[in-house]
Amino acid sequence: MTEKMEEVVGTEATIRFEAKKCIHSRHCVLGRPDVFVPNVVGAWIHPEAATAEEIAEIAHDCPSGAITYIRHDGGPQETLPKVNLVHIRENGPLAFHGELVIQGHGAAFRATLCRCGLSSNKPFCDSAHAREGFAATGEPATRASEVLARRDGPLTITPREDGPLAIAGSLEIVSGTGRTIDRCVKAALCRCGQSSNKPFCDGTHAKIGFRADGAK
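These lines cover the structure that appears in this document, whether it is placed above or below. (Residues numbered from 1 in each chain as written. Predicted model: local features only at pLDDT ≥ 70, side-chain atom pairs only at ≥ 80, totals over all residues. Heavy atoms only, no water.)

## Comments concerning the overall build of the protein
Line of reasoning, step 1. Helix and strand counts for the protein come out as four helices and nine strands.
Line of reasoning, step 2. When the helices and strands of the protein are listed from N to C terminus, the series reads β-β-α-α-β-β-β-β-α-β-β-β-α.
Line of reasoning, step 3. Its C-alpha atoms give the protein a radius of gyration of 18 Å, near enough to 17 Å, the size a compact globule of 216 residues would have.
Line of reasoning, step 4. For the C-alpha atoms alone, the extent of the protein along its principal axes is close to 50 × 40 × 35 Å.
Line of reasoning, step 5. By the burial criterion, 47% of the 216 residues in the protein qualify as buried.
Line of reasoning, step 6. On the protein, roughly 10800 Å² of surface is accessible, and the fraction owed to carbon and sulfur atoms is 50%. (Helix = DSSP H or I, 4+ residues; strand = E, 2+ residues; numbered from the N terminus. Rg over C-alpha atoms; globule rule 2.2 N^0.38 Å. Buried < 20%, exposed > 50% of the residue type's maximum accessible area, 1.4 Å probe, protein only. Areas by Shrake-Rupley, 256 points an atom, 1.4 Å probe, with all protein chains shown as cover.)

Set out below in structure tokens:
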């Protein structure tokens, strides 16, 4: 995808929208259809219809990080989370929230990354999992783990060429229902869609000839 970031300046806040990250969860158009107006020709983002606080709430509800904002009212900008998390979506992607550094793609607070291996926008999800009928539980077995000495801080995500997502930094892996699966400071998470140990990599990518660009 080559879409550039849209930036719409309002009185109280600027809304930024990055289409290549959007997974069409529709929190924005369902929650505030006056701010994000669906199915129109021309301007569809209207920050003037909401307060800066309301715009911040919309952005915080965006799981993919496609929506961000800059406040002009003197209120706080988005702050770093206290715990770095990745939620495992049932039959779907890996939804990260933390102090993210995605190698080749910069910094972010939220990102929804492909784990089915079918996205045309890797490492980001493009909803191919739904179109292609990808099946993978969001409730894998709990692993024994100790509480991390630090639960926040930079979390580096490196897409390996033809391989997994390499994770470095404090991370809590959480099921779709909020159960803690594992706590780690280093991990390799499957993105070929074929591991027998999802969400973790088991080397299957090499056996099946998985192809995906690595971090540049």
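## Considerations on the pairing of strand E3 (residues 67–71)
The side chains of a regular strand alternate between the sheet's two faces.
Line of reasoning, step 1. Burial along E3 is one-sided: the face carrying Ile67, Tyr69 and Arg71 is buried and the face carrying Thr68 and Ile70 is not.
Line of reasoning, step 2. Bridging between strand E2 (residues 13–17) and E3 involves five bridges; their strand directions are antiparallel. Across the sheet, Arg16 pairs through a bridge with Thr68, a residue of E3. (Pairing = 2+ DSSP bridges.)

## Quick look at the environment of Phe17
Line of reasoning, step 1. Its place among the elements puts Phe17 in strand E2.
Line of reasoning, step 2. The class for Phe17 is buried, based on a relative accessible area of 9%.
Line of reasoning, step 3. Along the primary structure Phe17 and Ser195 are separated by 178 residues, whereas in three dimensions their C-alpha atoms are 33 Å apart.
Line of reasoning, step 4. Those residues in contact with Phe17 that lie beyond four places of it in its chain are Lys4, Met5, Glu6, Cys22, Trp44, Ile45, Ala66 and Ile67. (Contact = heavy atoms within 4.5 Å.)

## Section: the pattern of salt bridges
Line of reasoning, step 1. Per the stated rule, a full pass over the model turns up 14 salt bridges.
Line of reasoning, step 2. Here Glu7 and Arg16 are joined by a salt bridge, their closest N and O atoms 2.6 Å apart.
Line of reasoning, step 3. On the basis of relative accessible area, Glu7 is assigned to the partly exposed category, the value being 47%.
Line of reasoning, step 4. For Asp126, the salt bridge is made with Arg131, and the minimal N-O distance between the two is 3.5 Å.
Line of reasoning, step 5. A residue is classified by how much of its surface remains accessible, and Arg131, at 56% relative accessible area, is exposed. (Salt bridge = Lys/Arg side-chain N within 4 Å of Asp/Glu carboxyl O.)

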